[in-house]
Amino acid sequence: MHNTVKNLLDIEDNINIYLNKLSIINNTKIVAVSKTFKIDHIQPLIEYGHIHYGENKVQEAIEKWTEVKKKNSKIRLHMIGKLQTNKVKFAVQIFDYIHSVDSIKLAKKISIEQNKIKKNIKIFLQ
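What counts and what doesn't
Residues numbered from 1 in each chain as written. Predicted model: local features only at pLDDT ≥ 70, side-chain atom pairs only at ≥ 80, totals over all residues. Heavy atoms only, no water. Pairing = 2+ DSSP bridges. Helix = DSSP H or I, 4+ residues; strand = E, 2+ residues; numbered from the N terminus. Contact = heavy atoms within 4.5 Å. Axes fitted to C-alpha atoms, helices over the stretch in contact; angles between N-to-C directions. Buried < 20%, exposed > 50% of the residue type's maximum accessible area, 1.4 Å probe, protein only. Parallel < 35°, antiparallel > 145°, perpendicular 65-115°, else oblique. Nonpolar A, V, L, I, M, F, W, Y, C, P; charged D, E, K, R; others polar.

Engineer: Is there a simple way to think about the sheet that holds strand E3 (residues 76-79) in this case?
Structural biologist: Strand order in the open sheet formed by five strands is E1-E2-E3-E4-E5, and the pairing between neighbours is parallel. The open sheet terminates on both sides in strands that have one partner only, identified here as strand E1 (32-33) and strand E5 (122-125). Across three bridges, strand E4 (residues 97-101) lies against E5 in parallel orientation. Note on E5: the bridge partner recorded for Val101 is Leu125. Contacts from helix H5 (residues 104-116) reach E4 and E5 within the one sheet, and its direction differs from that of E4 by about 160 degrees.

Engineer: Looking at this structure, I do not really get unusual backbone geometry. What am I missing?
Structural biologist: If a residue is not glycine, its phi is most likely negative; likewise, a peptide bond is most likely trans. Despite not being glycine, Thr36 has its phi angle at roughly 70 degrees, a positive value. Within the element layout of this structure, Thr36 appears in the loop between E1 and helix H2 (39-48). Residue class for Thr36 comes out exposed when judged on its relative accessible area of 65%.

Engineer: I'm lost on the packing of helix H1 (residues 3-21) against H2 in this one. Help?
Structural biologist: For any two helices packed against each other, the geometry is given by the interaxial angle and the distance between the axes. Where H1 meets H2, the axes come as close as 8 Å, and the angle between the chain directions of the two elements is 55 degrees. Considering the angle they form, H1 stands oblique to H2. In contact with Thr4, Val5, Leu8, Leu9 and Glu12 of H1, H2 contributes His41, Pro44, Leu45 and Tyr48. Each residue belonging to the contact of H1 with H2 can be placed in one class, and the counts come to six nonpolar, two polar and one charged.

Below, the structure written as structure tokens:
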């Protein structure tokens with residue numbers, strides 16, 4: 001078993017143990033932050049079936065994930081860094097979640113761009 005998969009399973013086990021002690025149903029989604037790692041390093045997790053990945057740079061995400069997402073439509077990509085309004089057009093094309101919406105201007109820009117391509121992105125407000 002690849003080390004990245006083992007690490008994911010260890011994290012899932014720890015979460016399950018903790019939530020079971022609290023009698024909480026586990027409906028967590030682990031976002032594997034893949035920034036700076038090459039797709040070769042992430043591929044074992046993809047093959048294992050993990051679908052949530054986080055990136056903090058739009059250009060890096062486009063280069064790394066465009067082909068992967070074409071091959072695996074279940075992959076969900078999370079923008080976890082500061083998003084600049086001049087990169088929103090590109091971000092809405094590749095990301096499924098944007099975690100760092102911190103202004104009305106940015107929210108409006110996302111809304112405009114996602115409407116253009118008829119895509120509904122989940123956003124997190126700061």
